[in-house]
Amino acid sequence: MTIQLKSTEDIVKMRVAGKLAAEVLEMIGPHVQEGVSTGELDRLCHQYIVEQQQAIPAPLNYNGFPKSICTSVNQVICHGIPSDSKILKSGDIINIDVTVIKDGFHGDSSKMFAIGEVPAHAQRLIRITQECLYKAIDLVKPGITLGDIGHVIQQHGEAHNYSIVREYCGHGIGRIFHEEPQVLHYGKPNTGTRIEAGMTFTIEPMLNAGSRYTKLSNQDGWTVTTKDRRLSAQWEHTLAVNSDGCEILTLRSDEQL
Ligand code: MF3
Ligand code: CO
Ligand code: CO
C-alpha cells in the first residue's frame, strides 16, 4: 500500500506512452462514424498500436479481457467489449478507452464521440463530464488531496443533476496498469492522500444521466451498464505531478488547455 513515485527517467518514458495513447485516439476519430462496428474500431486500433507504434495494447488479455480497446456505447459505463455485431448508429454516444504499453510504461486515456445527430441532453452529459475532468486536472499540484479531486468532480456533476459512478475509479499508473492510489471521483475537500511531485495517475470520471447504480454483465463478465439503462459518459487522462502542477501526458491536439 505504497505509492510508487516516478523518477525523471520514468517520466520521460511515461510521456512517450501517454503520447502514443493520445495518438491512437486521434487516429481513430475519423473512423468513428455511423455504420462502423466496434469490432472494426478495435482492429484498427490494434493494428496501429502494434505495427505503427510498436507498442502493446494493454487491455488485450488483461485479466482475460478479449480485445485491445474498450468501446462503451450509450448506457454502457465502461469496459464495453468491441464486437463485429455492434454497429454504431446516428444518435449513439461512445467512449473509446485506449491503454498502450511502450518501453514498459502505460499510457491510458479515453474520450467520447457523438455519432450523427445526437440529442442535446446527451451532448450536455458529454460536455459536463469533460468539464469535470478538466476542473479536477486544474487543481492537481503538490499539497492538494485526492479528496479535493473527488469533491470538485462530484460538485460539478451533481450541480448539473448527474450522478457519479462510485464502483470504478482513476488509478496510479506506471509499469503497472492499475496501481496505487485509487482516485475516487467523489469525496470531501482536504481528505485522503496528499498529492506529491512524481506521482502519476489517471482521472476518469463516469457520469450517469440517471442514478449512479451499475450492473455488471453476467453474460461476458466485463460490460458495466447503468442499472436504469440511461446514458453514461466518461473522459480520461493520465497525469504526472510536477513541482508546480501537473503535466497531461495524454493531451491530444484537439484539446486546448
Ligand atoms: N482502460 C481502463 C481504465 O481506464 C481499464 C480497462 S481494463 C480492461 O482503467 F481490461 F477492461 F481493458
Ligand atoms: Co484508467
Ligand atoms: Co482507460
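Structure shown above.
Residues numbered from 1 in each chain as written. Chains lettered and ligands numbered in written order. Predicted model: local features only at pLDDT ≥ 70, side-chain atom pairs only at ≥ 80, totals over all residues. Heavy atoms only, no water.

**What to know about the coordination of the cobalt ion (ligand 2)**
Link 1 in the chain: The cobalt ion (ligand 2) binds to the protein through Asp 108 (OD), His 171 (NE2), Glu 204 (OE) and Glu 236 (OE), with metal-donor distances spanning 2.0 to 2.2 Å.
Link 2 in the chain: Here the cobalt ion (ligand 2) binds six donor atoms, and the angle range of 51 to 160 degrees at the metal identifies the geometry as irregular.
Link 3 in the chain: Here the donor residues of the cobalt ion (ligand 2) are spaced in sequence according to D-x62-H-x32-E-x31-E. (Donors = N, O, S within 2.8 Å, 3.2 Å for Na, K, Ca; no water. Tetrahedral: all angles 85-135°; square planar, octahedral: opposite > 155°, others 65-115°.)

**Section: the layout of surface pockets**
Link 1 in the chain: When its volume is computed, the largest pocket comes out at roughly 370 Å³.
Link 2 in the chain: As for the largest pocket, its lining consists of 21 residues, and the residues nearest its centre are Tyr 62, His 79, Phe 177, His 178 and Glu 204.
Link 3 in the chain: Within the lining of the largest pocket, the residues separate by chemical class into 10 nonpolar, six polar and five charged.
Link 4 in the chain: A volume near 320 Å³ is recorded for the second largest pocket. (1 Å grid on protein atoms, 1.4 Å probe; cavity = no way out; pocket = protein on both sides within 12 Å on 5 of 7 lines; lining within 4 Å. Points joined across faces, edges and corners; volume = space filled by probe spheres on them. Nonpolar A, V, L, I, M, F, W, Y, C, P; charged D, E, K, R; others polar.)

**Topic: the sheet that holds strand β11 (residues 214–216)**
Think of a sheet as strands paired side by side through backbone hydrogen bonds, with each pair either parallel or antiparallel.
Link 1 in the chain: If you trace the three strands from one edge of the open sheet to the other, you get β3-β12-β11, paired in antiparallel fashion. Since the sheet does not close on itself, it has two edges, and those belong to β3 (76–78) and β11, each with one partner. Averaged over all pairs of adjacent strands, the angle between strand axes in this sheet comes to 40 degrees, irrespective of strand direction.
Link 2 in the chain: The pairing of β11 with strand β12 (residues 224–226) spans three bridges and is antiparallel. Paired with Thr 214 across the two strands is Thr 226, which belongs to β12. (Pairing = 2+ DSSP bridges. Helix = DSSP H or I, 4+ residues; strand = E, 2+ residues; numbered from the N terminus. Axes fitted to C-alpha atoms, helices over the stretch in contact; angles between N-to-C directions.)

**Overview of the side chain of Ser 217**
Link 1 in the chain: Looking at the secondary structure, you find Ser 217 in the loop between β11 and β12.
Link 2 in the chain: One polar contact links the side chain of Ser 217 to the main-chain amide nitrogen of Gln 219, over a distance of 2.9 Å.
Link 3 in the chain: Within the local environment of Ser 217, its side chain forms a polar contact with the backbone nitrogen of Asp 220, the two atoms lying 3.0 Å apart.
Link 4 in the chain: In this structure Ser 217 touches Trp 222 and Thr 223, once residues within four positions along its chain are discounted. (Polar contact = N/O pair within 3.5 Å; in protein donor to acceptor, adjacent residues only side chain to side chain. Contact = heavy atoms within 4.5 Å.)

**Examining the sheet that holds strand β6 (residues 163–164)**
Link 1 in the chain: The strand order across the open sheet built from three strands is β6-β10-β13, with neighbouring strands paired in antiparallel fashion. Strands with a single pairing partner mark the edges of an open sheet, and in this sheet they are β6 and β13 (232–234).
Link 2 in the chain: For strand β10 (residues 206–208) and β13, the ladder comprises three bridges, and the chain directions are antiparallel. Residue pairing in the sheet places Met 206 in a bridge with Gln 234 of β13.

**Brief notes about the pairing of strand β14 (residues 237–242)**
Link 1 in the chain: Most of β14 is tucked away: five of the six residues are buried.
Link 2 in the chain: Where strand β9 (residues 200–203) meets β14, four bridges bridge the pair, whose relative direction is antiparallel. Its bridge partner lying in β14, Phe 201 is registered against Leu 239.
Link 3 in the chain: In this structure, the hairpin formed by β14 and strand β15 (residues 245–248) is closed by a connection of two residues. (Buried < 20%, exposed > 50% of the residue type's maximum accessible area, 1.4 Å probe, protein only.)

**Quick notes on the site of ligand 1**
Link 1 in the chain: Around ligand 1, the structure places 14 residues, and the nearest of them are Pro 59, His 171, His 178, Glu 204 and Glu 236.
Link 2 in the chain: Asp 97 is positioned such that a nitrogen or oxygen atom in its side chain is 3.1 Å from a nitrogen atom of ligand 1.
Link 3 in the chain: Burial of ligand 1 by the protein amounts to 97% of the accessible area it has alone, namely 330 Å².
Link 4 in the chain: One can see that ligand 1 is located within the largest pocket.
Link 5 in the chain: Of the residues in the shell around ligand 1, the class split is six nonpolar, four polar and four charged. (Near = heavy atom within 4 Å. Areas by Shrake-Rupley, 256 points an atom, 1.4 Å probe, with all protein chains shown as cover. Sits in = over half its atoms within 2 Å of the grid points.)

**Re the packing of helix α3 (residues 120–139) against helix α4 (residues 146–159)**
Link 1 in the chain: Where α3 contacts α4, the axes come no closer than 9 Å and their chain directions differ by 150 degrees. Considering their axes alone, α3 and α4 lie roughly antiparallel with respect to each other. For the element pair α3 and α4, the recorded crossing hand is right-handed. Of the residues in α4, those touching α3 at Ile 128, Glu 131, Cys 132, Lys 135, Ala 136 and Leu 139 are Asp 148, Ile 149, Val 152, Ile 153, His 156 and Gly 157. (Parallel < 35°, antiparallel > 145°, perpendicular 65-115°, else oblique. Left-handed = near helix turned anticlockwise from the far one by under 90°.)

**What to know about the packing of helix α1 (residues 8–28) against helix α2 (residues 38–52)**
Link 1 in the chain: Where α1 contacts α2, the axes come no closer than 10 Å and their chain directions differ by 135 degrees. In terms of their interaxial angle, α1 and α2 are classed as oblique. Remark: the crossing between α1 and α2 carries right-handed chirality. Of the residues in α2, those in contact with Glu 23, Val 24, Met 27 and Ile 28 of α1 are Leu 41, Leu 44, Cys 45, Tyr 48 and Ile 49.
Link 2 in the chain: Taken together, the residues of the contact of α1 with α2 break down into eight nonpolar, no polar and one charged.

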